[in-house]
Amino acid sequence: MTAETQTTVDPAEVAKFEAMAAEWWDPTGKFKPLHMMNPVRLDYITNQIAAEFGRDLNDVEPFKGLRLLDIGCGGGLLSEPMARLGATVIGADAATRNIPVAQLHAEQMGLEIDYRNCTAESLAAAGEQFDVVLNMEVVEHVADPLAYLTACQQLLKPGGLMVASTINRNPKSYMVAIIGAEHVMRWLPKGTHEWGKFITPDELVDLIATAGLNVVDRMGMVFNPIAWSWSLSSQDLSVNYAITSVKPKA
């Protein structure tokens, strides 16, 4: 990154995930919520990509030929399945300790993934371009959401697709994501999330539109504590949700 490149990275937020880096692939560890949610996230992501680029998910490598950026890749929980589906994957994370963890696991799985310790802004400044940007559970951790999303828009080729997920801001999300996940279930260390940084779906839609992308879909990801499972819901965006947007071709 050049000295002139601006960054929306919040050092305090990066430090939180640095401290948990070694546990990325432990399904019972500090990232247990992501492991539980991952099949639902993947279902949504793969269907959005397939629909936008006319791909058949029954093919062996349906995403072959697509260049994909997993920004805030962590240990590679999304990068690896995208690589298995045939995409050329670049995984980027501002937390230095996440990268060797992701690299080692990909090597053990026999996957070729280009992991980099860098930011969206530095990639944009270098002129990198992608067909798909996965922007999952990152925007609530950055210092300037609009500047960050603008960098993500710059990273997309015309006609490219971004899937962004985050957490809604309301009393329910405070109870579920902070009190429930951090204090009661202790799935995450206390202080992992700041409720004031959560973003409502309408706010995120406005931010994405201001950054220059067209929103094409929104979907909730709902946890059922009785069935102990996650599901997708087009109606319930009250806590976890994702928004898909496309960069205009013209």
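Note that the coordinates shown come from a computational prediction; the quantities given were computed from them, not determined experimentally.

Asker: Tell me about the overall build of the chain, and name the residues and values.
Answerer: Scanning the chain from N- to C-terminus turns up 8 helices and 8 strands. Summarising the internal contacts of the chain: among those between residues at least 6 apart in sequence, 70% fall at separations of at least 24. With the model as given, the accessible surface of the chain reaches about 11000 Å², and the carbon-plus-sulfur share is 55%.

Asker: Quick one: what's the story with the sheet that holds strand 4 (residues 130-136), residue by residue and with numbers?
Answerer: Reading across from one edge, 3-2-1-4-5-8-6-7 is the order of the 8 strands in this open sheet, with mixed pairing throughout. Every other strand in the sheet has two partners, leaving strand 3 (114-116) and strand 7 (229-233) as the edge strands with one partner each. On average, adjacent strands in this sheet sit at an angle of 20° to one another, irrespective of strand direction. Note that strand 1 (residues 67-71) and strand 4 share 3 bridges and pair parallel. The partner of Leu68 across the bridge, within strand 4, is Val132. On the sheet, helix 2 (residues 32-53) packs against strand 1, strand 4, strand 5 (156-167), strand 6 (214-224), strand 7 and strand 8 (240-246) and is oriented at approximately 155° with respect to strand 5.

Asker: Could you give an account of the pattern of salt bridges, naming the residues involved and the relevant values?
Answerer: As enumerated under the stated definition, the model contains 10 salt bridges in all. Measuring nitrogen to oxygen at the nearest pair gives 2.7 Å for the salt bridge that ties Glu203 to Arg169. Of this pair, Glu203 sits in helix 8 (residues 201-211) while Arg169 sits in the loop between strand 5 and helix 7 (171-184); the two residues are 34 residues apart in sequence, bridging distant segments of the chain. In the salt-bridge network here, residues are joined through shared partners; they are Arg67, Asp114, Arg116 and Glu128.

Asker: I'd like to hear about the state of the cysteines, residue by residue, with values.
Answerer: Applying the stated criterion to the full structure yields 0 disulfides. Take Cys118: it sits in no disulfide, and the sulfur closest to it among the cysteines is that of Cys73, at 8.6 Å.

Asker: Go over the pairing of strand 8 with me, naming the residues and quoting the values.
Answerer: Extensive coverage of strand 8 is indicated by the burial of 7 of its 7 residues. In strand 8, alternate side chains face the same way, and those of Asn240, Ala242, Thr244 and Val246 on one face and Tyr241, Ile243 and Ser245 on the other are all buried. As paired elements, strand 5 and strand 8 share 7 bridges and run antiparallel to each other. Bridged to Ser165 within strand 8 is Ala242.

Asker: Any chance you could break down the packing of helix 6 (residues 145-155) against helix 8 for me, citing the residues and the numbers?
Answerer: Two numbers describe a pair of packed helices, the interaxial angle and the distance between the axes. Where helix 6 meets helix 8, the closest approach of the two axes is 8 Å, and the angle between their N-to-C directions is 50°. Regarding the angle of helix 6 to helix 8, the classification is oblique. Like other packed secondary-structure pairs, helix 6 and helix 8 cross with a definite hand, here right-handed. Residues Pro145, Leu146, Leu149, Thr150 and Gln153 of helix 6 pack against Leu204, Leu207, Ile208, Thr210 and Ala211 of helix 8. For the contact of helix 6 with helix 8, the class distribution of residues is 7 nonpolar, 3 polar and no charged.

Asker: Describe in detail the packing of aromatic side chains, supporting the description with residues and values.
Answerer: Describing an aromatic ring pair means giving the distance of the ring centres and the angle of the ring planes. Evaluation of the coordinates by the stated rule reveals 2 aromatic pairs. A ring pair is formed by Phe223 and Trp230, whose centres lie 5.3 Å apart and whose planes are at 45°; its orientation type is tilted. Within the aromatic cluster, the residues linked to one another by ring pairs are Phe223, Trp228 and Trp230.

Asker: Tell me about the nonpolar core, residues and numbers included.
Answerer: Counting residues in each nonpolar core, the largest one holds 33 residues, and the members touching the most others are Ile45, Ile49, Leu68, Met82, Leu134 and Val163. Here this core takes 7 residues from helix 2, the largest share from any one element. Beyond its immediate chain neighbours, meaning those up to four positions away, Met82 contacts Leu42, Ile45, Thr46, Ile49, Phe63, Leu68, Ala87, Val89 and Leu134. One finds Val138, Leu213, Tyr241 and Ile243 within the second-largest nonpolar core, a separate group that totals 30 residues.

Asker: Just give me the short version of the environment of Asn117, but keep the residues and values in it.
Answerer: Tracing the backbone shows Asn117 in the loop between strand 3 and helix 5 (120-125). Asn117 sits 21 residues away from Thr96 along the chain, and the two C-alpha atoms are 5.7 Å apart. For Asn117, the contacting residues outside a window of four places in its chain are Asp93, Ala94, Ala95, Thr96 and Ile99. Polar side-chain contacts of Asn117 include one of 3.3 Å to the backbone oxygen of Ala94. A distance of 3.2 Å separates a polar atom in the side chain of Asn117 from a polar atom in the side chain of Thr96.

Reading the values: the criteria
Residues numbered from 1 in each chain as written. Predicted model: local features only at pLDDT ≥ 70, side-chain atom pairs only at ≥ 80, totals over all residues. Heavy atoms only, no water. Helix = DSSP H or I, 4+ residues; strand = E, 2+ residues; numbered from the N terminus. Contact = heavy atoms within 4.5 Å. Areas by Shrake-Rupley, 256 points an atom, 1.4 Å probe, with all protein chains shown as cover. Pairing = 2+ DSSP bridges. Axes fitted to C-alpha atoms, helices over the stretch in contact; angles between N-to-C directions. Salt bridge = Lys/Arg side-chain N within 4 Å of Asp/Glu carboxyl O. Disulfide = S-S within 2.5 Å. Buried < 20%, exposed > 50% of the residue type's maximum accessible area, 1.4 Å probe, protein only. Parallel < 35°, antiparallel > 145°, perpendicular 65-115°, else oblique. Left-handed = near helix turned anticlockwise from the far one by under 90°. Nonpolar A, V, L, I, M, F, W, Y, C, P; charged D, E, K, R; others polar. Phe/Tyr/Trp six-rings, centres within 6.5 Å; stacked < 30°, edge-to-face > 60°. Core = buried A, V, L, I, M, F, W, Y, C linked by side-chain atoms within 4.5 Å. Polar contact = N/O pair within 3.5 Å; in protein donor to acceptor, adjacent residues only side chain to side chain.

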